[in-house]
Amino acid sequence: MTDVSEHTSTESDTGVEGHGGDHAVAMAAAHGVETMFTLSGAHVFPMYDGAVKADPPMRLLDVRHEQTAVFAAEALGKLTRIPGLAVVTAGPGVTNGVSPIAQAQFAGSPLVVIGGRAPAARWGSGSLQELDQPPIIAPISKLARTVHKVADIAGSVDEAFTVAGSSHRGPTFLDVPMDQFFDRVTSERPTAGKGKRVEPDSDAIADIGAMLAQATRPILILGTDVWADGAEEAALRFVEAVGIPAITNDMGRGVIPGGHPLLMTKARRTALGTSDLVIVVGTPLDFRLGYGVFGGKEDAPAAKVVHLADSEGQVSGHADLAASAYGDLTLVIDGLQHSLEQQLRKPDWSTWVSELQADVAAAVERDNALLKADTDPIHPARIYGELLPRLEEDAIVIGDGGDFVSFAGKYVEPKRPGGWLDPGPYGCLGAGLGGAIAARIARPSSQVVLLLGDGAAGMSLMDVDTLVRHNLPVVMVVGNNSAWGLEKQPMQMLYGYDVVADLAPQTKYDEVVKALGGGGETVTDPTQIGAALDRAFAANIPYLVNVITDVNAAYPRATFGV
Ligand SMILES: Cc1ncc(C[n+]2csc(CCOP(=O)(O)OP(=O)(O)O)c2C)c(N)n1
Ligand SMILES: [Mg+2]
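Just so you know, these numbers come straight off a predicted model, no measurement behind them.

Trainee: Outline the overall build of the protein chain, listing residues and values.
Mentor: Per the secondary structure count, the protein chain includes 22 helices and 20 strands. Its C-alpha atoms give the protein chain a radius of gyration of 25 Å, near enough to 24 Å, the size a compact globule of 562 residues would have. A principal-axis box enclosing the C-alpha atoms of the protein chain has dimensions of 75 × 60 × 45 Å. Within the protein chain, the fraction of its 562 residues that count as buried is 57%. Put simply, 77% of the contacts in the protein chain that link residues at least 6 apart link residues at least 24 apart. When the accessible area of the protein chain is evaluated, it comes to approximately 22400 Å², of which 53% is carbon and sulfur surface. Across the protein chain, the centroid of the 42 positively charged side chains sits 3 Å from that of the 68 negatively charged ones.

What follows is the structure, given as structure tokens:
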């Protein structure tokens, strides 16, 4: 049996001596990882021993369900743009991580998951949790494989991080047979790999610049990969230099700060419905963007669509594109600005911009009425009416729920990029607590606000225990309509009745948080929401404000995503 009481890693000309966990932790640290999210299992003990004995030690953040570990790692990857690391035990630990891995794949989130695996020497004999995991993970990841020899761990972990962090980003998965993980070897530890910057095709960009110069009603859509690829400054520079109106989604939110005169998210219907050229950057043309069909409203012709992506594989295959380009998004956006500035025709979009600004102003007026709603039961919008003025510029707002979070998407316009987390196109409920844990770690002194539907809350609330144990203060707000609201309303609409959509009335989720060592309160009067939020921010502990809301105040939805 290996003596685990002493750390005996030594360096020699041929590499560093250590067990599999030592090598894996060292390579993760070389890629910038400071925290390992995990839930204990003997198959991965070497990872813990490697973390404890590393210099400096790697922080171990242990949670109550593997989904939270992987969601937290995904969220940390999204916020810091360094792949997050989750370590899960063999078999059920890995399978509990499947939904978050799929979510990371859909959202292009940089994430590395290391799984335990039954020992190689006994493979086929039926040892505990003996499951061949890579075939399960392969369809939902960029790379999924078994590291069969301890000597290959350092190189494989380096590759897993490099691949996860290179565009188009996404999850990677390695599992290591237990006997190899515990084994020791003198192994080279490569210098951390870096993704390559792909140069876009300059002719394609020049053509798009010429097309843009001819447009009279152009709109720019900025999505997650603008932030993930580090192109947020280029994007804001471009928008301001050429005066093009813009809409943001997902992690693109905040790239054009809330309240900016060229941010037209609130005029989205008019903008996308009557534009003649829609340039979509760093987000897929999926259900959230009407599958890439724009224009055609108010007798407008269909808009031309240009797709700019971080990598070739991300360029839409289904949409009817007028043009496309891919590569490092800073180079793409800077190139487009340069190309536009070279054009003889200097476009004047001021009338279009004024039209959209008037639309935004009208939307703000309409919003204000609902944000102040004083109905009984509480309209969910009123919660945002109270929350928005209390949010600081660097706040991180996380959404986990149905309608309640759709309202957040409508009202919360972050002032900075990296201030908004939602599940993205996979739409997996239960990501919230992991997101909150990650946000608090990524920004120790920012406000962290987790918005939870009451249904979603039930999927991860036990991980408030993790917030408490690790001293991670977070303000949680539950929009408690005592229902799976986003499902209840469509079922009513389709069938005229609903089943399996109701939850127990007015459950005291705040008492759950108190029982776990945090604080909280229930609010039923709209005039009391503000004071409750103030207490939540001041408490500096995990604190849940449970707001009882009107189940009939459904989000006005134009699409159900199919
Ligand atoms: C893991 C998972 N299961 C089920 C769904 C389907 N679903 C989408 S929204 C929703 C209702 C969410 O209810 P709640 O969190 O209470 O928010 P509300 O719509 O009531 O505001 C459900 C069940 C999902 N997206 N993810
Ligand atoms: Mg609900």
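Trainee: Explain the coordination of the magnesium ion (ligand 2) residue by residue, including any values.
Mentor: Donor atoms from the polypeptide that coordinate the magnesium ion (ligand 2) comprise D454 (OD), N481 (OD1) and A483 (O), at 2.0 to 2.1 Å from the metal. In primary-sequence terms, the residues that donate to the magnesium ion (ligand 2) follow D-x26-N-x1-A. Remark: A483 occurs in the loop between β18 (475–480) and α20 (485–495) and D454 occurs in helix α18 (residues 454–460); sequence separation between them is 29 residues. Taking the relative accessible area as the measure of exposure, D454 reaches 2% and is therefore buried. On the basis of relative accessible area, A483 is assigned to the buried category, the value being 3%.

Trainee: Quick one: what's the story with the sheet that holds strand β3 (residues 35–38), residue by residue and with numbers?
Mentor: Strand-to-strand pairing in sheets goes through backbone hydrogen bonds, with the strands running parallel or antiparallel. As summarised here, the arrangement of the 6 strands in space is β4-β3-β5-β6-β8-β7, forming an open sheet in which the pairing is parallel. In this open sheet, the two edge strands, each paired with only one partner strand, are β4 (59–62) and β7 (143–146). Between one strand axis and the next, the sheet turns through 20 degrees on average, direction left out of account. Here β3 pairs with strand β5 (residues 84–88) via 3 bridges, running parallel. In the sheet register, T38 faces β5, and the bridge partner there is V87. Each of β3, β5 and β6 (111–117) touches helix α3 (residues 66–80); the most contacted strand, β5, lies at about 165 degrees to it. Helix α5 (residues 98–107) contacts β6 and β8 (171–177) of the sheet and is inclined by roughly 150 degrees relative to β6.

Trainee: I'd like a rundown of unusual backbone geometry, residues and numbers included.
Mentor: That bond from S167 to H168 is cis: its omega, -10 degrees, falls within 30 degrees of zero. Within the secondary structure layout, H168 lies in the loop between α7 (153–165) and β8. Residue P377 follows D376 across a cis peptide bond; omega there is 0 degrees. With respect to the element layout, P377 can be found in the loop between α14 (350–371) and α15 (380–387). Unusually for a residue other than glycine, N471 sits at a positive phi of about 55 degrees. Here N471 shows up in the loop between α19 (464–469) and β18.

Trainee: Just give me the short version of the pairing of β8, but keep the residues and values in it.
Mentor: Burial analysis of β8 places 7 of its 7 residues in the buried class, the great majority of the element. Of the two faces of β8, the one lined by P171, F173, D175 and P177 and the one lined by T172, L174 and V176 are each fully buried. In this sheet, β8 lies alongside β7 in parallel orientation, the contact comprising 4 bridges. Of the residues in β8, the one forming a bridge with A144 is F173. What joins β7 to β8 is α7, and the crossover it makes is right-handed.

Trainee: Go over the site of ligand 1 with me, naming the residues and quoting the values.
Mentor: The local shell around ligand 1 holds 18 residues, among which D403, G427, D454, G455 and G485 are the closest. With respect to ligand 1, the backbone of L429 contributes an N or O atom lying 3.2 Å from a nitrogen atom. Within the complex, 77% of the 590 Å² of free accessible area of ligand 1 lies under protein. Those elements that provide at least two residues to the shell around ligand 1 are α16 (403–411), α18 and α20. Considering every element that reaches the shell around ligand 1, the biggest residue donor is α18, with 4 residues. Taken together, the residues that form the shell around ligand 1 break down as 8 nonpolar, 7 polar and 3 charged.

Trainee: Lay out the confidence of the model for the protein chain with the relevant residues and their values.
Mentor: When the pLDDT values of the protein chain are averaged, the result is 95; 97% of them are 70 or greater. When the criterion is pLDDT under 50, residues 1–8 qualifies, and its contacts beyond four places in sequence or with other chains add up to 10 contacts.

Trainee: I'd like a rundown of the pattern of salt bridges, residues and numbers included.
Mentor: Overall, the coordinates contain 25 salt bridges when judged by the stated rule. Where D49 meets K53, a salt bridge forms, and the shortest distance between an N and an O atom there is 2.7 Å. Taken together, the residues D49 and K53, both in helix α2 (residues 45–53) and 4 residues apart, mark about one turn of the helix. Note on K53: relative accessible area 22%, which makes it partly exposed. Residue R217 is joined to E355 by a salt bridge in which the shortest nitrogen-to-oxygen separation is 3.0 Å. Residue R217 is found in the loop between α9 (202–214) and β10 (218–222), and its partner E355 is found in helix α14; the two are separated by 138 residues along the sequence. The exposure class of R217 is partly exposed, given its relative accessible area of 23%.

Trainee: I'd like a rundown of the sheet that holds strand β15 (residues 396–400), residues and numbers included.
Mentor: Taken in spatial order, the 6 strands line up as β16-β15-β17-β18-β20-β19 in an open sheet, and their pairing is parallel. The open sheet terminates on both sides in strands that have one partner only, identified here as β16 (420–421) and β19 (519–523). Bridge count for β19 against strand β20 (residues 543–548) is 5 bridges, and the pairing is parallel. What sits directly across from G519, in β20, is Y543. Along the sheet, α15 contacts β17 (448–453), β18 and β20; its crossing angle with β17, the most-contacted strand, is approximately 175 degrees.

Criteria and cut-off values
- Residues numbered from 1 in each chain as written.
- Chains lettered and ligands numbered in written order.
- Predicted model: local features only at pLDDT ≥ 70, side-chain atom pairs only at ≥ 80, totals over all residues.
- Heavy atoms only, no water.
- Helix = DSSP H or I, 4+ residues; strand = E, 2+ residues; numbered from the N terminus.
- Rg over C-alpha atoms; globule rule 2.2 N^0.38 Å.
- Buried < 20%, exposed > 50% of the residue type's maximum accessible area, 1.4 Å probe, protein only.
- Contact = heavy atoms within 4.5 Å.
- Areas by Shrake-Rupley, 256 points an atom, 1.4 Å probe, with all protein chains shown as cover.
- Lys, Arg positive; Asp, Glu negative; His and termini not counted.
- Charge placed at Lys NZ, Arg CZ, Asp CG, Glu CD.
- Donors = N, O, S within 2.8 Å, 3.2 Å for Na, K, Ca; no water.
- Pairing = 2+ DSSP bridges.
- Axes fitted to C-alpha atoms, helices over the stretch in contact; angles between N-to-C directions.
- Right-handed = clockwise from strand over helix to strand, strands pointing away.
- Near = heavy atom within 4 Å.
- Polar contact = N/O pair within 3.5 Å; in protein donor to acceptor, adjacent residues only side chain to side chain.
- Nonpolar A, V, L, I, M, F, W, Y, C, P; charged D, E, K, R; others polar.
- pLDDT = per-residue confidence, 0-100.
- Salt bridge = Lys/Arg side-chain N within 4 Å of Asp/Glu carboxyl O.

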